[in-house]
Amino acid sequence: MRHIISLLLENEAGALSRVAGLFSARGYNIESLTVAPTEDPSLSRMTIVTHGTEEIIEQITKQLNKLIDVVKLTDMTEGPHIERELMMVKVRAEGHDREEHKRLCEIFRGRIIDVTDTTYVIELTGDSEKMDAFLDALGEKAILEVVRTGISGIARGKRAMHV
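Residues numbered from 1 in each chain as written. Predicted model: local features only at pLDDT ≥ 70, side-chain atom pairs only at ≥ 80, totals over all residues. Heavy atoms only, no water.

Peer 1: Would you explain unusual backbone geometry in this entry?
Peer 2: Most peptide bonds are trans, and most residues other than glycine sit at a negative phi. Positive phi, normally seen in glycine, also occurs at Arg109, with a value near 55°. Position of Arg109 among the secondary structure elements: in the loop between α3 (97-107) and β6 (111-115). Accessibility expressed as a relative area gives 73% for Arg109, which makes it exposed. (Helix = DSSP H or I, 4+ residues; strand = E, 2+ residues; numbered from the N terminus. Buried < 20%, exposed > 50% of the residue type's maximum accessible area, 1.4 Å probe, protein only.)

Printed below as a string of structure tokens:
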């Protein structure tokens, strides 16, 4: 099962490395990882997407909680949450494809952020399923390059990560 684990950790050199090292040392895969400072400059928020059974996820969370840098940990998938990802796609845009790509952008609520004679760069935000559906709709022949940020998530309602 897919899990989104959100961490508050000390914003200091080596913290990211220690978390990633924990995963690699135990043979766990990180599907997506995002990290940035929070409203408190001494803390960073890290969002990790991984797959595993309940036992494996429990093992991961116990090991992460043991790390000195980790201040708080939440498995976002245990409650209602919102997740988003940013994607930029460079596509071939020549002839009738130009209008087709514009139409797809409108359907998926994307934006064309760069235009040349032969290409568009399209920006899209949403959940992973939306990103995948957009790429499928474009088709492999049209896609020149894809950049995805990875998932960021936040709990819905009053639930929040505080120290």
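Having seen the structure, we can now continue with the description.
Peer 1: So what exactly am I meant to see when it comes to the pairing of strand β2 (residues 32-37) here?
Peer 2: Regular strands have side chains that alternate between both faces of the sheet. Relative to strand β3 (residues 43-51), β2 runs antiparallel, the two being bridged by six bridges. Bridge pairing in β3 links Thr34 to Thr47. Linking two consecutive strands that pair antiparallel, namely β2 and β3, is a turn of five residues. (Pairing = 2+ DSSP bridges.)

Peer 1: Hey, could you run me through the pairing of strand β1 (residues 2-10) in this one?
Peer 2: β1 sits mainly inside the fold: seven of its nine residues count as buried. Bridge analysis of β1 against β3 gives nine bridges, and the strand direction is antiparallel. Bridging across to β3, Leu9 finds its partner in Ser44. Pairing of β1 with strand β4 (residues 70-75) involves five bridges; the strand directions are antiparallel. Within β4, the residue paired with Leu7 across the bridge is Leu73.

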